[in-house]
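# Coordinates in review
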Amino acid sequence: MRAGTSRGPFFLREWLPADEDERNELLIGAIGASDLLQVDGVGGGSTLTSKVAIVSRSAEPGCDVDYLFAQVGVGTRSVDTRPNCGNMLSGVGPFAIEQGLVAATPGQTKLRVFNVNTRSRIDVTVQTPGGRVRYDGSTRIDGVAGTAAPVQLEFLDAWGAVTGAMFPTGRRIDVICGVQLTCIDAAMPLMILRAADLGLTGRESPAELDANSALLQRLEALRRQAGLAMGLGDVSASVIPKPVLVSAGDSPQAITSRYFTPRRCHASHAVTGAIGVAAAFALPGTVVSAATQRSGRSGVQVLHPQGRIDVAVHIEGEGMDARIQGAALVRTARKILQGVLHIPDYVFSKPRGAAAAGPAVARPSSRDFPDSRDPVLEGDEPMKTLITPLLAAALVAGTPASAQTGYPSKTITIVVPTAAGGGNDSMARTVGQKLGVLLGQTVIIDNRAGANGSIASEYVARATPDGHTLMFGYIATHAMNPALQKLRYDPVSDFEPIGLVGYSPTLMVASNSAPVKDVKDLVAQLKAKPDRYTYASAGSGTAPHFAGELFKLATGTVMLHVPYKGSAPAINDTIAGHAQFMFPSLFTGAPQVRGGKLRALAVAGPKRLPSMPDVPTLKEMGVDVDVSQWYALFAPAKTPAPVVDKLNKALVQVLNDPEIVRRIEADGADAQSSTPAELGALVRSELAKWKGVVQKARLTAD
């Protein structure tokens, strides 16, 4: 199920082994925890998608079901059942009702859940019109696409559930290594710090925070000492307490939060963490206390990277005697699939008797899914061997020789420095699919967006130089961003160039609300009134940023730069008129131009585009600016020359395929191959070119 902003398998306790060690090994195998990408399980390579819910009827007085949460490791064989997860909790009610643990009532069903991890109670209200769980609805939560039916969660007694006290150190503010922080146990043990005390704004993106290794090391050192102070002992192998960085919100009843899990920043925010932050905000004397406190029920908005979580907090008492009586919020959940989960035998440390002949099976019988019509679910006889030795031998015999001996000997990963769905990602997938066929190995795409490509670049630069980890680099990662600022990778010395993939022109687009006829009119207006307009970019050091600065240099004008965290928010704000101009890639800008949401003023490239024959180049308009973006494949430095040569030959063959060329053109680029030496020369020349622009325009990363 997708539950809140998390995802994971839900099990009835009876479906799992009674032995705790064997159960944990099964969960590790189910998620595929031993692999960072979790390709051999149902995890998603993130702590948010490596969660498990185990549900059973409750023996606790007044409670309907027990909920045991398990956080499975990512790249580590670990299972931690000490924390709770409020997001996964939102799926417990629907799951329990569908499995017959709780009878549904018409309209909505309220059940009381006993959280085994923290020994606390939560009232869960599920929409059940006609006595059946309803998943669709109009409720939207930030961090989740679409809308769904609301699931209301009301935490009744989660205060001090893990440590025994709301403020387990006996103080509302502690000082550790010279830093003030609040240790609080409200639904989840937290260590809350003011972002400003660590030299941060508190509004940094998760990718920026994850790339700050010094910050992560400092947070971990503080967290370990806070764990000792909270009575949790050595927490180096535990996920609690969770570090939280806070800063001012956008209203008196809002607080901005960056929540760590604990060694990576959460893409949005944990529910239990939001309750802890809201509690610390609502109570006096903490590092995050609101300017004014009030008793009774009040709303607190916890602002996170993807939006906000509204928490209703119930306070009784005044001043330092104020106490939390309850906290409630709304989540949504969705059932994704139901069926049989096969667990490979190698995940178990002990021989499993007859089960060793094939994979273990975590499966309900057909009676558990009365609505299912899938014949696979009928009967209780476990499936045996999935791939027999004979079939495995046949599969190996049928693959190209390169897959059997020499390079490549395993899956190849192409790391893309931008989010899925963009032009870079689309081209990488087009190339990777064909490349895998030619090399006789699976090629997977790993999107590592953030910090203008620095996160992906650093990752590949430090990867094993054996040709199995590659990078889909482009002008920003290997020329513009390194020209702008000092990074933790060198675009020349840390990579082996493999070959070019293609070029793409840059568009100059305008908001429909901008009172400008064409480029000449814009230049005239800017010279008459400098700083009259603003232009948006995908961030400092990106192609849209440099194109805008080159335009200003070439025209002798002034236009304010507004950097965004990615092309999507930048172009959305340009459409809305918050910024008047932008220089997006053709892939990003063309759909908005065709849809009438933006106007194309010019092409920042050497020639007009066949798809936009009426749009002139900037050079035609008297502005000598050409920002043609290029894309290429790179390997880590010291990758053996024979491997680089083999990859280059395969890449050239891919780019000679007419179908691949057509698909790359559909992404707004022209396919173009090269030798490794030619690509290396291009990187060096481009780096020198953009360093000159930085110096001339006096650009900074700020």
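As a convention, each chain's residues are numbered from 1 in the sequence order in which they are written. Two thresholds apply to this predicted model, a pLDDT of at least 70 for residue-level local features and 80 or more for giving and counting side-chain atom pairs, whereas whole-chain, interface and lining totals are computed over all residues. The side-chain numbers reported here are obtained from all heavy atoms of the structure, hydrogens and water having been left aside.

### Some details on the overall build of the protein
Check the secondary structure of the protein and you find 17 helices and 31 strands. In this treatment the radius of gyration is a C-alpha quantity, and the globule benchmark scales as 2.2 Å times the residue count to the 0.38 power. Taken over C-alpha atoms, the radius of gyration comes to 28 Å for the protein, in line with the 27 Å a tight globule of 702 residues would show. Whether two residues are in contact is decided by their heavy atoms, any of which lying within 4.5 Å being enough. Taking all contacts inside the protein whose residues are at least 6 apart in sequence as the whole, residues at least 24 apart take part in 67%. Of the accessible surface of the protein, which amounts to about 29,200 Å², a share of 52% is contributed by carbon and sulfur atoms. A run of H or I in DSSP counts as a helix once it spans at least four residues, and a run of E counts as a strand once it spans at least two, with each numbered from the N terminus. Each accessible area is a Shrake-Rupley estimate made with a 1.4 Å probe; only the visible protein chains count as cover when residues are assessed.

### Topic: the packing of aromatic side chains
Classification of ring pairs uses Phe, Tyr and Trp, with its six-membered ring standing for Trp, and accepts pairs whose centres are within 6.5 Å; under 30 degrees between planes counts as stacked, over 60 as edge-to-face, and the remaining range as tilted. Applying the stated rule across the entire model yields ten aromatic pairs. Between Phe472 and Tyr631, the ring centres sit 6.2 Å apart and the planes meet at 25°, which makes this aromatic pair stacked. Of the two residues, Phe472 is situated in strand β23 (residues 469–474) and Tyr631 in strand β30 (residues 629–636); the sequence distance between them amounts to 159 residues. Using a relative accessible area of 3% as the deciding quantity, one classes Tyr631 as buried. Seen from their ring centres, Tyr489 and Phe495 are 6.1 Å apart, and the 90° between their planes marks the pair as edge-to-face. The burial state of Tyr489 is the same as that of Phe495; both residues are buried. In our convention, an over-ring charge means Lys NZ or Arg CZ found within 6 Å of a ring centre and within 35 degrees of that ring's normal. When the ring centre of Tyr459 is taken as reference, the NZ or CZ atom of Arg448 above it lies at 3.7 Å. When a residue's accessible area, from a 1.4 Å probe over protein chains only, is under 20% of the maximum for its type it is buried; when over 50% it is exposed; and in between it is partly exposed.

### So, the pattern of salt bridges
Within this document, salt bridges are pairs made up of a side-chain nitrogen of Lys or Arg and a carboxyl oxygen of Asp or Glu, the two lying within 4 Å of each other. Scanning the entire structure with this criterion turns up 22 salt bridges. With its nearest N and O atoms 2.9 Å apart, the salt bridge here joins Arg223 to Glu220. Taken together, the positions of Arg223 and Glu220, both in helix α4 (residues 213–229) and three residues apart, correspond to about one turn of that helix. For the pair Arg223 and Glu220, a shared accessibility class is recorded, and that class is buried. In this structure, Lys649 and Asp645 form a salt bridge, with 3.3 Å as the shortest nitrogen-oxygen distance. Of this pair, Lys649 and Asp645 both sit in helix α15 (residues 641–655), four residues apart, which is roughly one turn of that helix. A relative accessible area of 54% places Lys649 in the exposed class.

### Examining the sheet that holds strand β22 (residues 443–447)
One requirement defines pairing of two strands: DSSP has to find at least two bridges between them. With mixed pairing, six strands are arranged side by side in an open sheet as β22-β21-β23-β30-β24-β31. At either end of the open sheet lies a strand with only one pairing partner, and these are β22 and β31 (670–671). Here strand β24 (residues 495–504) runs beside β31; their pairing, made up of two bridges, is antiparallel. Among the inter-strand pairings, Gly502 is bridged to a residue of β31, identified as Ala671. Of the strands in this sheet, β21 (412–416), β22, β23, β24 and β30 are in contact with helix α8 (residues 423–439), which crosses β22 at around 155°. Packing against the sheet, helix α9 (residues 454–461) makes contact with β21, β22, β23, β24 and β30, and its axis sits at approximately 145° to β23. An axis is simply a line fitted to the C-alpha atoms; with a helix, the fit covers only the stretch in contact. Between two such axes, the angle follows the N-to-C directions and lies from 0 to 180 degrees.

### Side note on the packing of helix α12 (residues 543–555) against helix α17 (residues 676–697)
Pairs of packed helices are described in terms of their axes, by the angle between the two and the distance that separates them. Between α12 and α17, the least distance of the axes is 11 Å, while the angle of their chain directions is 55°. In terms of orientation, α12 lies oblique with respect to α17. Viewed along their axes, α12 and α17 form a crossing whose handedness is left-handed. Between α12 and α17, the residues in contact are Phe546, Glu549, Leu550 and Leu553 and Trp690, Val693, Val694, Lys696 and Ala697, respectively. Tallied by class, residues from the contact of α12 with α17 come to seven nonpolar, no polar and two charged. Convention used here: angles under 35 degrees read as roughly parallel, angles over 145 as roughly antiparallel, angles from 65 to 115 as roughly perpendicular, and any remaining angle as oblique. Each crossing gets its handedness from the near helix: less than a right angle anticlockwise from the far helix is left-handed, clockwise is right-handed. Note that Gly is not counted as nonpolar here; it falls among the polar residues with everything else outside the nonpolar set of Ala, Val, Leu, Ile, Met, Phe, Trp, Tyr, Cys and Pro and the charged set of Asp, Glu, Lys and Arg.

### Some details on the pairing of strand β14 (residues 254–259)
With six of six residues buried, β14 is to be regarded as a mostly interior element. Every second residue of β14 is oriented toward a common face, with Ala254, Thr256 and Arg258 on one face and Ile255, Ser257 and Tyr259 on the other, all of them buried. Examined bridge by bridge, strand β13 (residues 242–248) and β14 share five bridges and lie antiparallel to one another. Within the sheet, the bridge partner assigned to Val246 lies in β14 and is Ser257. What sits between β13 and β14 in their antiparallel hairpin is a turn of five residues.

### Some remarks on the sheet that holds strand β26 (residues 534–537)
Pairing is mixed in the open sheet, where five strands are placed in the order β27-β26-β28-β25-β29. The open sheet has two edge strands with one neighbour each: β27 (560–563) and β29 (598–604). Pairing between strand β25 (residues 506–511) and strand β28 (residues 581–582): two bridges, direction antiparallel. Looking across to β28, one finds that Ala510 is bridged to Phe581. Lying over the sheet, α12 contacts β25, β26 and β27, oriented at roughly 150° with respect to β26.

### Focus: the confidence of the model for the protein
Scored from 0 to 100, pLDDT records how confident the predictor is in each individual residue. Per-residue confidence for the protein gives a mean pLDDT of 85, with 91% of residues at or over 70. Counting contacts from residues 353–358, a segment whose pLDDT is below 50, to residues more than four positions away or on other chains yields five contacts. Segment residues 365–405 is flagged for pLDDT under 50; beyond a separation of four residues in sequence, or across chains, it makes 52 contacts in the model.

### Thoughts on the side chain of Asp66
Residue position: Asp66 is located in strand β5 (residues 65–72). A polar contact is formed between the side chain of Asp66 and the side chain of Ser58, at a distance of 2.6 Å. Setting aside its immediate chain neighbours within four residues, Asp66 contacts Ile54, Val55, Ser56, Arg57, Ser58, Ala59, Glu60, Phe114 and Val116. Pairs of N or O atoms are called polar contacts if they sit within 3.5 Å, as long as, within protein, a hydrogen donor faces a hydrogen acceptor (for residues adjacent in sequence, only side-chain-to-side-chain pairs).

### Section: α8
An α-helix turns once per 3.6 residues; consequently, residues spaced three or four apart project the same way. With 17 residues, α8 should reach 24 Å at 1.5 Å per residue; the first-to-last C-alpha distance of 24 Å fits that figure. Downstream of α8 by one or two residues, Gly440 has phi in the positive range, about 75°. Between the first and last residue of a helix there are one fewer steps than residues, each counted as 1.5 Å, and that sum is the expected span.

### Brief notes about the pairing of β5
Most of β5 is tucked away: eight of the eight residues are buried. Of the two faces of β5, the one holding Val65, Tyr67, Phe69 and Gln71 and the one holding Asp66, Leu68, Ala70 and Val72 are both buried throughout. Across three bridges, the pairing between β5 and strand β7 (residues 107–115) is parallel. From the neighbouring strand, Val65 faces β7, where its bridge partner is Val113.

### Quick look at the state of the cysteines
Counting rule for disulfides: a pair of cysteine sulfur atoms within 2.5 Å. All told, the structure shown has zero disulfides when counted by the stated rule. The cysteine Cys63 is free of any disulfide, with Cys85 supplying the nearest cysteine sulfur at 19 Å. No disulfide involves Cys265; its sulfur sits 16 Å from that of Cys85, the nearest cysteine.

### What about the nonpolar core?
If you look at the biggest cluster of nonpolar residues, it comprises 87 residues, and the most contacted ones within it are Phe155 and Val311. Counting residues per element, this core draws most heavily on helix α5 (residues 271–282), which supplies nine residues. Those residues in contact with Val311, other than ones at most four positions away along the chain, are Ala274, Ile275, Ala278, Ser298, Gly299, Val300, Val302, Ala327, Ala328 and Leu329. What makes a nonpolar core is a set of buried Ala, Val, Leu, Ile, Met, Phe, Trp, Tyr and Cys residues whose side-chain atoms join them at distances within 4.5 Å.

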